[in-house]
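Residue-level structure breakdown
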Amino acid sequence: MDNLIYVIEDEENIRELIRLALESYSYKVETFETAEDGLAAINSKIPDLAIFDIMLPKMDGVTAVKLLRKKLRTANLPIIFLTAKGSEIDKVVGLDSGADDYIAKPFGVLELSARVRSLLRRSHKNVFYEDEANEEENIVAGNVTLDVNKREFVRGKTRILLTPKEFNLLSYLILNKEKAISREELLSNVWHVDFIGDSRTLDMHVRSLRQKLGAENAGLIKTVRGIGYRFVIDD
Ligand code: CA
């Protein structure tokens, strides 16, 4: 594989550890010490995946990723955050920080490579969808459609652009429509990581998704007490 990965990390030891680990899996790796340098590199050549440390000398990783998400060209760039344990994790997990995954320091190189591989696999699937999808592949339930080309929620005249995570969460619920899906199932299938019994991130994402969909659509995602969530068909 010749995927290009950018690593933005100011600590030299960690930066070089990641480089060695990923190069041993035949990824091409470029490293940057600041968010500013990383952003400039991404603007001139978009990599297949970027790994951002959160605490960086000037602009922090979360701010940098928010900037990338605002631009159409990089809205779907697969991104992993590196975080220190504790309050930084809350920041990444709790808010819709725009990353697809995160890894807490200290981490093992096997874990890192596994996360990178898994995220690349998922994002290549998305690219495939973008190239090959046609109307029939849209996800439909009642009068709600998920447009897989445009990553939009469509109901009547309403079209709402979703983030990759929102799209994945909503498609999982819709594909399992009318079934109560447990938090654990959603976390492992949408986030692909165990949050060690902590489902706050899921609840916050559902809350922000309902807000984004607006009052008239918020009721499509029902809370099932003690279990999780259920998408209800609405004709
Ligand atoms: Ca740092």
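Points about the nonpolar core
Here is a general trend for soluble globular proteins: nonpolar side chains tend to be buried in one another's company. Formed by 27 residues in total, the largest nonpolar core has its most connected members in Phe-153, Leu-162, Leu-169, Leu-170, Leu-186, Ile-221 and Phe-231. Those elements that place two or more of their residues in this core are strand 6 (139-141), strand 7 (144-147), helix 6 (164-175), helix 7 (183-191), helix 8 (200-213) and strand 12 (228-231). Broken down by element, the residue count for this core peaks at six residues, all from helix 6. Among all residues touching Phe-153, those that are not within four sequence positions of it are Val-144, Thr-145, Leu-146, Thr-158, Arg-159, Ile-160, Leu-162, Leu-170, Leu-213, Asn-217 and Leu-220. Counting 21 residues, the second largest nonpolar core, distinct from the first, contains Ala-41, Leu-56, Val-65 and Leu-68.

Brief notes about the confidence of the model for the chain
Of all residues in the chain, 85% have pLDDT values of 70 or greater, and the mean over the chain is 84. Here residues 126-136 scores under 50 on pLDDT; set against residues more than four positions off or in separate chains, the count is seven contacts.

A look at the sheet that holds strand 1 (residues 4-8)
The strand order across the open sheet formed by five strands is 2-1-3-4-5, and the pairing between neighbours is parallel. Edge positions in the sheet fall to strand 2 (28-32) and strand 5 (101-105), since each has one partner strand and no second. The sheet shows a mean angle of 20° between the axes of neighbouring strands, direction not considered. Pairing between strand 1 and strand 2: five bridges, direction parallel. Paired with Ile-8 across the bridge in strand 2 is Phe-32. The strands that helix 1 (residues 12-23) touches are strand 1, strand 2, strand 3 (49-53), strand 4 (79-84) and strand 5; relative to strand 2, the one it contacts most, it runs at about 170°. The strands touched by helix 3 (residues 61-70) are strand 3 and strand 4; relative to strand 4, the strand with the most contacts, the crossing angle is about 165°.

Focus: the coordination of the calcium ion
Around the calcium ion, the protein supplies Asp-10 (OD), Asp-53 (OD) and Met-55 (O) as donor atoms, at distances of 2.1 to 2.3 Å. Look at where the donors of the calcium ion fall in the sequence and you get D-x42-D-x1-M. Residue Asp-10 is found in the loop between strand 1 and helix 1, and its partner Met-55 is found in the loop between strand 3 and helix 3; the two are separated by 45 residues along the sequence. Classification of Met-55 by relative accessible area gives exposed; the value is 52%.

A word on the side chain of Glu-152
Topologically, Glu-152 is positioned in strand 8 (residues 152-155). Judged by relative accessible area, which is 15%, Glu-152 ranks as buried. Within the structure, Glu-152 has its side chain in polar contact with the side chain of Arg-159 (distance 2.5 Å). Residues contacting Glu-152, with those up to four places away along its chain left out, are Thr-145, Leu-146, Asp-147, Arg-159, Ile-160, Leu-161 and Phe-167.

Definitions and cut-offs
Residues numbered from 1 in each chain as written. Predicted model: local features only at pLDDT ≥ 70, side-chain atom pairs only at ≥ 80, totals over all residues. Heavy atoms only, no water. Core = buried A, V, L, I, M, F, W, Y, C linked by side-chain atoms within 4.5 Å. Buried < 20%, exposed > 50% of the residue type's maximum accessible area, 1.4 Å probe, protein only. Helix = DSSP H or I, 4+ residues; strand = E, 2+ residues; numbered from the N terminus. Contact = heavy atoms within 4.5 Å. pLDDT = per-residue confidence, 0-100. Pairing = 2+ DSSP bridges. Axes fitted to C-alpha atoms, helices over the stretch in contact; angles between N-to-C directions. Donors = N, O, S within 2.8 Å, 3.2 Å for Na, K, Ca; no water. Polar contact = N/O pair within 3.5 Å; in protein donor to acceptor, adjacent residues only side chain to side chain.

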